[in-house]
Amino acid sequence: MAAKLSSKLGSNKVIVLEPADKHYYQPMFTLIGGGMKRLEQSYKLMADVLPKKAKWLREKAVEFDPDSNTVKTSGGNTIKYDMLLIATGLQLNYNKIPGLVDALSVPNGKVGSIYSPLYVDRVYDCLRNINDGNAIFTFPSSPVKCPGAPQKIVYISEHYFRKMGKRNNINVTYNTALPVLFGVKHYADALWPIVKQRNITVNTRRNLIEVKAAQDIAIFENLDKPGERFEEKYSMLHVCPPMSAPDELAKCTKLVNEAGFVDVDKSTMQHLKYKNVFAIGDCSASPNSKTAASAAAQSPVVYRNMIAALKGKSLKSSYDGYASCPLVTGYNTCILAEFDYSLTPLETFPVAQNKERYSMFFMKKDLMPILYWKMMLPGYWNGPALMRNMLSIFKSKQK
Ligand code: UQ1
């Protein structure tokens, strides 16, 4: 967005408040967990990816005051804005689960998590170290980014165990707080036969509440029967942490909804009350799946509407809730889920995308990182809508 806006508005009109020195391509983390990529391949220095025409302030936004059009920064500065775009992403709350941070700090431990660059390498270590017992994977009771990722790592791990000839000695269990395997029925119907055929145990409505690293025990609660708990012994545990909007954002009640997310119109991405405030990506309250593809599809809408709002014109561009999730099902297959707000498939390619395919795996593993760095970050990639419309002429022929 900074690239798009600074190229339109000119040098030093856009200020980027960003405390991090590295920018991670997070969609690579599942592959790193499976040993298919290395952590060093997943990031670039922030200084090298931010647009030259924008001014980078290496500080964090710590206080928002939309009534005075100001943001306070971690360095004690107060910045006045004409337009504000909030793109903070989510906060990982590993500390909300007693014992988890300790478990993730044990050298050569049995607990890992693909969601953090701090813990992702532990996942592949776990896969290599486990020889028997229970491999347990979790999905928390909170909104998460890339809701497919906690089960992608299940499929990758299960395939890894088979490749290494140790699958027969390992029970693979996916404990999810959700009532379903996947929120879009078209793809859930494709995934259930895969978990059954591969003998993966799926328990719904099970939420991780504590980890006892000294005993290798994970404690889950039954979300449908409060008070009912299960203690499960693990030889490896993969945790998807609970997530939330960042604290600094969530405390600004003027800007956020009850859950802490920026209260925007789900079509225009403009704040419902403050017309000079927009949001993009995981921090927005728009009820789409939180994925990189969603942010890509939101980006032309946010761009056009911000420019219109700046000129005092009406907002014409609208986001349809498009999200995409390349559901990696092993070391060479992937189901490419694509859908919109109505949770109906909105697919790009003229093939049955609910089937496991090598082509989609190749796209996810080798093409998407290039597209991300070369097209999305410089502001040229607006999601696959254009490609979908062009390819749609082939669709009727396939059916
Ligand atoms: C996408 O746009 C995107 O954001 C850049 C991803 O994240 C890395 C994706 O994984 C996918 C699948 C898309 C959608 C792109 C196509 C070509 C369907």
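Residues numbered from 1 in each chain as written. Predicted model: local features only at pLDDT ≥ 70, side-chain atom pairs only at ≥ 80, totals over all residues. Heavy atoms only, no water.

Under the annotation held in an unreviewed UniProt entry, the chain carries the name Sulfide:quinone oxidoreductase, mitochondrial and is attributed to Drosophila busckii. Heading Subcellular location (unreviewed entry) of the UniProt record for the chain holds this comment: "Mitochondrion". What the UniProt record of the chain gives under Sequence similarities (unreviewed entry) is the line "Belongs to the SQRD family." (UniProt positions renumbered as here; feature names shortened; annotations may be inferred.)

Q: Whenever I open this one, the overall build of the chain confuses me. Can you help?
A: From N to C terminus, the chain includes 11 helices and 21 strands. Taken over C-alpha atoms, the radius of gyration comes to 21 Å for the chain, in line with the 21 Å a tight globule of 399 residues would show. Expressed as lengths along the three principal axes of its C-alpha atoms, the size of the chain is roughly 65 × 55 × 40 Å. Scored against the burial criterion, the 399 residues of the chain give a buried share of 54%. Considering only residue pairs separated by 6 or more positions, the chain has 62% of its internal contacts joining residues 24 or more positions apart. For the chain, the accessible area works out to roughly 18,300 Å², and carbon and sulfur atoms hold 52% of it. (Helix = DSSP H or I, 4+ residues; strand = E, 2+ residues; numbered from the N terminus. Rg over C-alpha atoms; globule rule 2.2 N^0.38 Å. Buried < 20%, exposed > 50% of the residue type's maximum accessible area, 1.4 Å probe, protein only. Contact = heavy atoms within 4.5 Å. Areas by Shrake-Rupley, 256 points an atom, 1.4 Å probe, with all protein chains shown as cover.)

Q: So what exactly am I meant to see when it comes to the pairing of strand S5 (residues 61-65) here?
A: One face of the sheet, then the other: side chains in a regular strand alternate in exactly this way. By the bridge criterion, 4 bridges tie S5 to strand S6 (residues 70-73) in an arrangement that is antiparallel. Paired with Glu63 across the two strands is Lys72, which belongs to S6. Linking S5 to S6, which pair antiparallel, is a turn of 4 residues; within it Asn69 sits at a positive phi near 55°. (Pairing = 2+ DSSP bridges.)

Q: I would appreciate a short explanation of helix H10 (residues 358-376) in the present structure.
A: Because each turn of an α-helix spans 3.6 residues, side chains separated by three or four positions in sequence point in the same direction. Between its first and last C-alpha, H10 extends only 24 Å over 19 residues, short of the 27 Å set by a 1.5 Å rise per residue. Inspection of H10 places Met360, Phe361, Met363, Lys364, Lys365, Pro369, Leu371, Tyr372, Trp373 and Met376 among the buried residues, and these make up the whole buried set. (Expected span 1.5 Å × (residues − 1).)

Q: In this structure, what is going on with the packing of helix H5 (residues 120-129) against helix H6 (residues 149-163)? I would like to understand it.
A: What describes two packed helices is the angle between their axes and the distance between those same axes. Following both chains from N to C, one finds H5 and H6 inclined at 35°, their axes separated by 10 Å at the closest point. With respect to the hand of their crossing, H5 and H6 are arranged in right-handed fashion. Note on element contacts: H6 touches H5 through Ile153, Ser157, Tyr160 and Phe161, opposite Val123, Tyr124, Leu127 and Arg128. The residue inventory of the contact of H5 with H6, partitioned by class, reads 6 nonpolar, 1 polar and 1 charged. (Axes fitted to C-alpha atoms, helices over the stretch in contact; angles between N-to-C directions. Left-handed = near helix turned anticlockwise from the far one by under 90°. Nonpolar A, V, L, I, M, F, W, Y, C, P; charged D, E, K, R; others polar.)

Q: It is not clear to me how the sheet that holds S6 should be interpreted in this structure. Could you clarify?
A: Picture the strands of a sheet paired through backbone hydrogen bonds; they go either parallel or antiparallel. As summarised here, the arrangement of the 3 strands in space is S5-S6-S7, forming an open sheet in which the pairing is antiparallel. For this open sheet the edge positions go to S5 and strand S7 (78-80), each flanked by a neighbour on one side alone. The average undirected angle you get between the axes of adjacent strands in this sheet is 25°.

Q: Could you clarify how one ought to interpret the site of the ligand in this entry?
A: Not every one of the 17 residues close to the ligand is listed here, only the nearest: Tyr25, Ser324, Pro326, Met376 and Trp381. One nitrogen or oxygen atom from the side chain of Trp381 is found 2.9 Å from an oxygen atom belonging to the ligand. Computed on the free molecule, the ligand has an accessible area of 440 Å², of which 97% lies beneath the protein chains in the complex. Broken down by secondary-structure element, the contributors of at least two residues to the shell around the ligand are helix H9 (292-310), strand S20 (323-328), strand S21 (334-339) and H10. No other element matches the 4 residues that H10 contributes to the shell around the ligand. Class assignment for the residues of the shell around the ligand results in 14 nonpolar, 2 polar and 1 charged. (Near = heavy atom within 4 Å. Polar contact = N/O pair within 3.5 Å; in protein donor to acceptor, adjacent residues only side chain to side chain.)

Q: Explain the pattern of salt bridges here, please?
A: Side chains bearing opposite charge may pair, as long as their charged atoms lie close to each other. Under the counting rule described, the total for this entry stands at 15 salt bridges. A salt bridge links Lys72 to Glu63; its shortest N-O distance comes to 3.8 Å. Taking relative accessible area as the criterion, Lys72 reaches 38% and is therefore assigned partly exposed. A salt bridge links Asp216 to Lys110; the nearest nitrogen and oxygen atoms lie 2.8 Å apart. Of this pair, Asp216 sits in the loop between strand S14 (206-212) and strand S15 (217-222) while Lys110 sits in the loop between helix H4 (100-103) and strand S10 (111-112), and the two are 106 residues apart along the sequence. Residue Asp216 is classed as buried on the basis of its relative accessible area, which comes to 15%. Exposure remark for Lys110: the relative accessible area of 36% places this residue in the partly exposed category. Connected through salt bridges with shared partners, the residues Glu158, Arg162, Arg167 and Arg198 form a single ionic network. (Salt bridge = Lys/Arg side-chain N within 4 Å of Asp/Glu carboxyl O.)

Q: Would you explain the sheet that holds S14 in this entry?
A: The strand order S14-S15-S16 describes an open sheet built from 3 strands, whose pairing is antiparallel. With partners counted over all chains shown, the strands left at the sheet margins are S14 and strand S16 (229-233), one partner each. Recorded for the sheet is a direction-independent mean angle of 30° between the axes of neighbouring strands. Examined bridge by bridge, S14 and S15 share 6 bridges and lie antiparallel to one another. Bridging from a neighbouring strand, Arg206 pairs with Asn222 of S15.

Q: Hey, could you run me through a nonpolar patch on the surface in this one?
A: Nonpolar side chains collect at one region of the surface, where Tyr358, Phe362, Leu367 and Ile370 lie side by side and expose about 400 Å² of accessible area between them. Relative to the elements of secondary structure, Leu367 occurs in helix H10. (Patch = residues over 30% accessible without salt bridge, like charges linked within 9 Å, V, L, I, M, F, W, Y side chains within 5 Å.)

Q: Quick question: what am I supposed to make of the packing of aromatic side chains here?
A: Two measures describe an aromatic ring pair: the distance that separates the ring centres and the angle between the ring planes. Inspection of the entire model under this criterion finds 14 aromatic pairs. Look at Tyr25 and Trp373: their rings are 6.4 Å apart centre to centre, the planes differ by 55°, and that puts the pair in the tilted class. Residue Tyr25 is located in the loop between strand S2 (22-24) and helix H2 (29-33), and its partner Trp373 is located in helix H10; the two are separated by 348 residues in the primary sequence. Its relative accessible area of 5% is what places Tyr25 among the buried residues. For Trp373, a relative accessible area of 15% gives the class buried. Look at Tyr358 and Phe361: their rings are 6.2 Å apart centre to centre, the planes differ by 35°, and that puts the pair in the tilted class. Taken together, the residues span about one helical turn, with Tyr358 and Phe361 both in helix H10 at a distance of 3 residues. With a relative accessible area of 4%, Phe361 lands in the buried category. Over the face of the ring belonging to Tyr43 we find Lys22, whose NZ or CZ atom lies 4.9 Å from the ring centre. (Phe/Tyr/Trp six-rings, centres within 6.5 Å; stacked < 30°, edge-to-face > 60°. Lys NZ or Arg CZ within 6 Å of the ring centre and 35° of its normal.)

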